[in-house]
Amino acid sequence: MLDQVFRDEWPRVLASLTGFLGDIDLAEEAAQEAFAVAAERWGRDGPPASPRAWLVVTGRNRAIDRLRRDRVLAEKTRLLDQGRSAEVTADETSIPDERLELVFLCCHPALAPEAQVALTLRSLGGLSTSEIARAFLVSDETMKRRLSRARNKIRAAAIPFAVPRADLLPARLSAVLSVLYLIFNQGYGDGRPDLAAEAIRLGRLLTDLLPDQPEVPALLALMLLHDSRRASRTRDGELVPLPEQDRRAWDTAQIGQGRALLDRATALGARGPYAVQAAIAALQTEPEIDWPAVAALYGRLRDLVGSPVVELNRAVAIAETDGPAAALATVDALDLDHYRYFHSTRAELLRRLGDVAAARAAYRKALDLATTDPERRFLRRRLTEL
Amino acid sequence: MRYALLINERPGAYVGLSADERAAITAEYIALRHDERVFAGRRLEPADTATTVRAAGGELLLTDGPFADTKEIFGGFYLVEADNLDVAVELAARIPAVRMGGSVEIRPLAEY
């Protein structure tokens, strides 16, 4: 119960303290102290009438006390002193929502991508440093250093705690969306549903905060549609390809939400890569998949992002519309020898064409490059079935 | 906040440009120097006029040329006063070297 309140309130409280103190490092410490005091006191006396205001005021007061003790920052203390008496009575309505400022701070392109991801998960997701370290397979110490380096750069280089100007917003927002998608894919690809869920939670938050930006609901739709098939993507620890997935295990409510969000994004004018991918994912949840439409959408996505991986996906749709031979011709024109799905896709097409020897060689190559056990089990089974 | 904008030029960036084109680029550099947020700035003479000083075995060692052979050559700097990094980025983006294949490194000045 308290955990849930803490998780919900953490980003707002941290954002508010960052805005007030002008320093994310101080804000993080102050927020941690406030939450620690709350855990002790609320457990005993029950939560106050306005938990958020209580946390913010407590955090502010703790930070001010700390600054007072710290002579190096004496000047800042004088600055903060002036505002103190008024804050003690602060209620929910007097605390502005500064989460969007925090989003743009954490995803500032002057920070390294891995630092943006870590900072976003820590500051907006409220994950602990150890949780983030585990998710990205690095030691606690490494993750701690990564976060403190990022916070140090924010302070030293004066990275702004602000929503970018309208003319800069599209580019900066696209940086934010790629951070969310990266978090989602880390969770989805490596079977960490908690990270995928976190990315979806952040996507919902961003949709609420920026209701007029078309690419935001497009990304959220994409994540929801992919995630709705999570339960059916593996069976007994083995990867299950889309045509063989058990549709009864799909989350239909989530598919409905994804479709509604995609409609909203399209109505707002979303035409970017996330919208196209969400449209493909939506088609793939239909009882009868419209393969010509899927192929056409992959064609558009290729024109948008210019990646051979997209062309590989288009080939899978071509196999359904024009047959495996036409698809194989498309695949063989690609320079993706290092990519595991290139070989597994070729293998599937060769298998369907009855070229057992070539299919076997391709499955073996895919197996050499495979990175997860569910994938390996699937490829081994295909090999034995040949 | 005060920042240094360190300008790295692509070697040969000016090759093949007419006198008028060069003059227009110089005018851009001068206009930036006159921006009220820019409080200092200098262009350096070409890298082949550089002398590098090192200490080796207790003796000074001089070498002809810049500190390192790199793809870009340090060509000058501005010192600017800006509210935050975004403002410094805006100023840096206006430096001609950026669109001519070079780069600008933004470094906060240490405050004492």
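Every value quoted in this text rests on a predicted model; they were computed, and no experiment measured them.

Enquirer: Give me the lowdown on the interface of chain B and chain A, citing residues and values where you can.
Expert: At the junction of the two partners, chain B supplies five residues and chain A supplies six residues. Of the residues in the side of chain B that touches chain A, the class split is three nonpolar, one polar and one charged.

Enquirer: Tell me about the domain arrangement of chain A, residues and numbers included.
Expert: All names here are of chain A. Taken as a whole, chain A is organised into domain 1 (2-95), domain 2 (98-207), domain 3 (211-282) and domain 4 (290-386). The centre of domain 3, based on its C-alpha atoms, is set 21 Å off from the matching centre of domain 4. With 10 residues of domain 3 at the contact, the number on the domain 4 side is 13 residues. A per-element tally of the side of domain 3 that touches domain 4 places helix α14 (residues 273-283) first, with five residues. Counted by class, the side of domain 3 that touches domain 4 contains five nonpolar, four polar and one charged residues.

Enquirer: An account of the packing of helix α1 (residues 2-21) of chain A against helix α6 (residues 99-106) of chain A is requested, with residue identities and associated values reported.
Expert: Residues and elements named next belong to chain A. In contact at an axis separation of 8 Å, α1 and α6 are set at 80° when each is read in the N-to-C sense. When the axes of α1 and α6 are compared, the pair comes out roughly perpendicular. Note on element contacts: α6 touches α1 through Arg99, Glu101 and Leu102, opposite Pro11, Arg12, Leu14, Ala15, Thr18 and Gly19. Among the residues forming the contact of α1 with α6, the class breakdown is four nonpolar, two polar and three charged.

Enquirer: Which residues make up the nonpolar core, and what values do they have?
Expert: A:Leu17, A:Ala218, A:Ala221 and A:Ala278 are the most contacted members of the largest nonpolar core, which has 120 residues in total. Per-element accounting of this core gives the leading share, nine residues, to helix α12 (residues 215-227) of chain A.

Enquirer: I'd like a rundown of the pairing of strand β2 (residues 38-43) of chain B, residues and numbers included.
Expert: Residue and element names in this part refer to chain B. The element β2 is largely exposed, with a buried count of zero among its six residues. The pairing of β2 with strand β5 (residues 73-81) spans five bridges and is antiparallel. By the bridge assignment for β5, Arg43 is matched with Gly76.

Conventions used here
Residues numbered from 1 in each chain as written. Chains lettered and ligands numbered in written order. Predicted model: local features only at pLDDT ≥ 70, side-chain atom pairs only at ≥ 80, totals over all residues. Contact = placed C-beta atoms within 7 Å. Nonpolar A, V, L, I, M, F, W, Y, C, P; charged D, E, K, R; others polar. Domains from an automatic or database assignment. Helix = DSSP H or I, 4+ residues; strand = E, 2+ residues; numbered from the N terminus. Axes fitted to C-alpha atoms, helices over the stretch in contact; angles between N-to-C directions. Parallel < 35°, antiparallel > 145°, perpendicular 65-115°, else oblique. Core = buried A, V, L, I, M, F, W, Y, C linked by C-beta atoms within 7 Å. Buried ≥ 20, exposed ≤ 12 C-beta atoms within 10 Å, placed from the backbone. Pairing = 2+ DSSP bridges.

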